[in-house]
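# Structural overview for review
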Amino acid sequence: MSHYFYITPEEYEAAERNGVRPALLEVRIRSLAWSKDRAINTPPHKKNPLRDWVEVAEKNGICYSTLRYRANRLGWDIERAATQPLQDRKAQADLMREGCRRYPQEILEHIKRSGINYDTFRHRMSQSGWDMEKSATTPTFTRREIGLLTKAKLKARGVKGLFVNKRMKKQHTREG
């Protein structure tokens, strides 16, 4: 088995040739339980040199830990990590809101200007099967227009009059 906790001087030298420091070699073998071959031959991760960019980042309001996180963890270019301003919570919330928006903002503003209720617009889109433009531009009907439309549809179907439930009929006949 090639995994022993004792590290020979030759193994330290081989690791050093591959860029692995002795302390890192010991951590890999003794703490992380890597095989000796893997611990010796796997080069350490390269970190971006941040020393030159720390002052630039601080002038832009970016702390050292954020600079290090952007450069090493996110893999950003060091210049971008030091110069791109931090995003405030309002801007971040706006981005999230725009990403989750179901209907475009222009359409919502248009229906507000047109006096169309948002719930009416949503009902037209989801349950009536209208397209977005028709839902946003067709004005809402008045009660009279709804009655006339219903009457026209019933007439087209060949229905002579409106149906009235029996209870209403009895009350009407008692009075009359």
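Up top you'll find the structure we're talking about.
Please read these numbers as outputs of a predicted model, since none were measured by experiment. (Residues numbered from 1 in each chain as written. Predicted model: local features only at pLDDT ≥ 70, side-chain atom pairs only at ≥ 80, totals over all residues. Heavy atoms only, no water.)

This part is about unusual backbone geometry. The residue Ala33 is not glycine, and still its phi comes out positive at about 60°. Positionally, Ala33 belongs in the loop between α2 (22-31) and α3 (36-41). (Helix = DSSP H or I, 4+ residues; strand = E, 2+ residues; numbered from the N terminus.)

Another aspect to go through is the packing of aromatic side chains. Inspection of every chain in the model, using the stated rule, returns 2 aromatic pairs. Between Tyr103 and Tyr118, the aromatic rings sit 6.5 Å apart at their centres with planes inclined by 70°, giving edge-to-face as the arrangement. Of the two residues, Tyr103 sits in the loop between α7 (89-100) and α8 (105-114) while Tyr118 sits in helix α9 (residues 118-126), which places them 15 residues apart along the sequence. Seen from their ring centres, Tyr103 and Phe121 are 5.0 Å apart, and the 75° between their planes marks the pair as edge-to-face. Of the two residues, Tyr103 is situated in the loop between α7 and α8 and Phe121 in helix α9; the sequence distance between them amounts to 18 residues. One exposure class covers both Tyr103 and Phe121, and it is buried. Counting every residue linked through ring pairs, the aromatic cluster contains Tyr103, Tyr118 and Phe121. We note Arg38 situated over the ring of Trp34; from NZ or CZ to the ring centre the distance is 3.8 Å. The cationic tip of Lys134 hangs over the ring face of Trp130; the distance from NZ or CZ to the ring centre is 4.6 Å. (Phe/Tyr/Trp six-rings, centres within 6.5 Å; stacked < 30°, edge-to-face > 60°. Buried < 20%, exposed > 50% of the residue type's maximum accessible area, 1.4 Å probe, protein only. Lys NZ or Arg CZ within 6 Å of the ring centre and 35° of its normal.)

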